[in-house]
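Spelled out from the first residue to the last, the chains are:
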Amino acid sequence: MKNKILITGGSGFIGTNFVKLLYKNYPNTEIFNLDKFDFEISKNNHRDILAQKFLTNIKQNSKHKLSPDNRYHEINGSILDEELLDKLFREYKFDQVINFAAQSHVDNSIKSPNIFTINNVIGTQNLLNQCLKNETSLFIQISTDEVYGSLKAEDTSTNEESTLQPNNPYSASKAAADCIVRSYYQTYQLPCIITRSSNNFGPYQYPEKLIPVVISNALKNQTIPIYGDGLNIRDWVFVEDNCKAIDFIRQNGKIGEVYNIPGHSEITNIQMSTEILKILNKATSLIKYVEDRKGHDFRYSMDGRKLKKLGFEIQSNFSKNLKDTVNWYLNNPNWLSTKETSTRVNVRSK
Ligand SMILES: NC(=O)c1ccc[n+]([C@@H]2O[C@H](COP(=O)([O-])OP(=O)(O)OC[C@H]3O[C@@H](n4cnc5c(N)ncnc54)[C@H](O)[C@@H]3O)[C@@H](O)[C@H]2O)c1
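Computed from a predicted model, the values in this text were never measured in an experiment.

## Notes on the sheet that holds strand β2 (residues 29-35)
One open sheet holds the eight strands; their spatial order is β3-β4-β2-β1-β5-β6-β7-β11, and the pairing between them is mixed. The open sheet has two free edges, formed respectively by β3 (64-66) and β11 (258-261), since each of these has just one partner strand. Sheet twist, expressed as the mean angle between neighbouring strand axes with direction ignored, is 15 degrees. One ladder, built from six bridges, connects strand β6 (residues 138-144) with strand β7 (residues 192-197); its direction is parallel. Following the sheet pairing, Gln-141 is matched in β7 by Ile-194. This element, helix α1 (residues 13-25), spans β1 (3-8), β2, β4 (72-76) and β5 (96-99) of the sheet and lies at about 165 degrees to β1. Of the strands in this sheet, β1, β2, β3, β4 and β5 are in contact with helix α3 (residues 82-92), which crosses β2 at around 175 degrees.

Structure, rendered in structure tokens:
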């Protein structure tokens, strides 16, 4: 019998990369991607898997697509839809659930915080309730370094025991969801693991985030808005490395634990933008400093020793991965010109 894994948000940036990793590496796994498609363009992310002959499959309709080999299901729906979740969990009896689905843009959370709490916290809890009811053998929550809050330049990196001190409505919703996950493990012994990664970069990132915005504006010779003095520090992890780490934790992680996934590549926002401009052979004069983001965290930095002890360490070439990422966008220009759909909070300030 095939192992059945539900991936929520499997057409988002990280979810897309993770679905592709699972599909490529695990022929005996049946993947269910439940996504509400905040971006129209992401409906095509798994066209390669759904492929040619999918019209012959019974499940082929606008809400539920199935790949010709019956290994990939794409379901258009929300983790806030309890009726749909109930139906899916009852019908498919998932072995594992990995929750990538979230409203993920900090700027949007500052403008419209409530939807972040509802989507990211209640949505997670809906999934946990179903896992409990259906005795799912593993639930993985995909969380973020932002839950630890801001560090000073001289501070040591946060580890999994560090206090959660989120500073914006997005990170607060992620921290709250982490606490709910923890409570389901402690109270009901639901088998849960939480992963917290640094900022991801790579293919399929929606065009509202820093890297695609820098590439898009640079190609059009438009100014590149950078918050404040541009000296805020982020640690960057290549999305494919993060996905490999999540997959490793899925198979080797200890139930009830939290694992940090750092990229070991801390740079300022201005350095990141300058690097991209250099790759594109564009002038740094395109950079324009704009009013700082409210409550802008100065630095994130995580200690990765717990994951290393478990047997996984990211050793990748940041410059090469950044070049590959820029090239991916150059080869997929529709990703730079696409518009958000109405289901997403419509603010684009970065
Ligand atoms: N991108 C990063 O740098 C980063 C870093 C650490 C953690 N994370 C976390 O990883 C996860 C994925 O992030 P991402 O960057 O891929 O985000 P993303 O915004 O690119 O993708 C999120 C996906 O979830 C879907 N979604 C949102 N709400 C949903 C709902 N109610 N039901 C079903 N689908 C829903 C969206 O349609 C989208 O496809 C998030 O939980 C985020 O908090 C992201």
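Continuing now.
## Here we look at unusual backbone geometry
Most peptide bonds are trans, and most residues other than glycine sit at a negative phi. Positive phi, close to 45 degrees, is recorded for Lys-93, a residue that is not glycine. Locating Lys-93 in the fold gives a position in the loop between α3 and β5. Backbone geometry at Gln-189 places phi at a positive 55 degrees, although glycine is not the residue there. Structurally, Gln-189 can be placed in the loop between α6 (169-188) and β7. For Gln-189, a relative accessible area of 54% gives the class exposed.

## Regarding the pattern of salt bridges
Applying the stated rule across the entire model yields 17 salt bridges. One salt bridge connects Asp-69 with Arg-71, and the closest N-O pair in it is separated by 3.6 Å. One salt bridge in this structure joins Asp-324 and Lys-320, with 2.7 Å as the shortest N-O distance. Taken together, the positions of Asp-324 and Lys-320, both in helix α11 (residues 318-331) and four residues apart, correspond to about one turn of that helix. Taken together, the salt bridges that share partners define one network made up of Asp-86, Arg-90 and Lys-133.

## Comments concerning α3
For α3, the set of buried residues is Leu-84, Leu-85, Asp-86, Leu-88, Phe-89 and Tyr-92. Where α3 is buried, its residues meet β1, β2, β3, β4, β5 and α5 (113-133). Two residues or fewer past α3, Lys-93 is found with a positive phi of approximately 45 degrees.

## So, the packing of aromatic side chains
One pass over the structure, following the stated rule, counts 16 aromatic pairs. When the ring of Phe-89 is compared with that of Phe-94, the centres are 5.1 Å apart and the planes differ by 90 degrees; the resulting orientation is edge-to-face. Taken individually, Phe-89 and Phe-94 each receive the classification buried, so the pair is uniform in this respect. Of the aromatic side chains, those joined through ring pairs into one cluster are Phe-39, Tyr-204, Tyr-206, Trp-328, Tyr-329 and Trp-335. Between the NZ or CZ atom of Arg-250 and the centre of the ring of Tyr-26, over which it lies, the distance is 4.9 Å. Above the face of the Tyr-259 ring, Lys-306 is positioned so that its terminal group lies 5.0 Å from the ring centre.

About the cut-offs
- Residues numbered from 1 in each chain as written.
- Predicted model: local features only at pLDDT ≥ 70, side-chain atom pairs only at ≥ 80, totals over all residues.
- Heavy atoms only, no water.
- Pairing = 2+ DSSP bridges.
- Helix = DSSP H or I, 4+ residues; strand = E, 2+ residues; numbered from the N terminus.
- Axes fitted to C-alpha atoms, helices over the stretch in contact; angles between N-to-C directions.
- Contact = heavy atoms within 4.5 Å.
- Buried < 20%, exposed > 50% of the residue type's maximum accessible area, 1.4 Å probe, protein only.
- Salt bridge = Lys/Arg side-chain N within 4 Å of Asp/Glu carboxyl O.
- Phe/Tyr/Trp six-rings, centres within 6.5 Å; stacked < 30°, edge-to-face > 60°.
- Lys NZ or Arg CZ within 6 Å of the ring centre and 35° of its normal.

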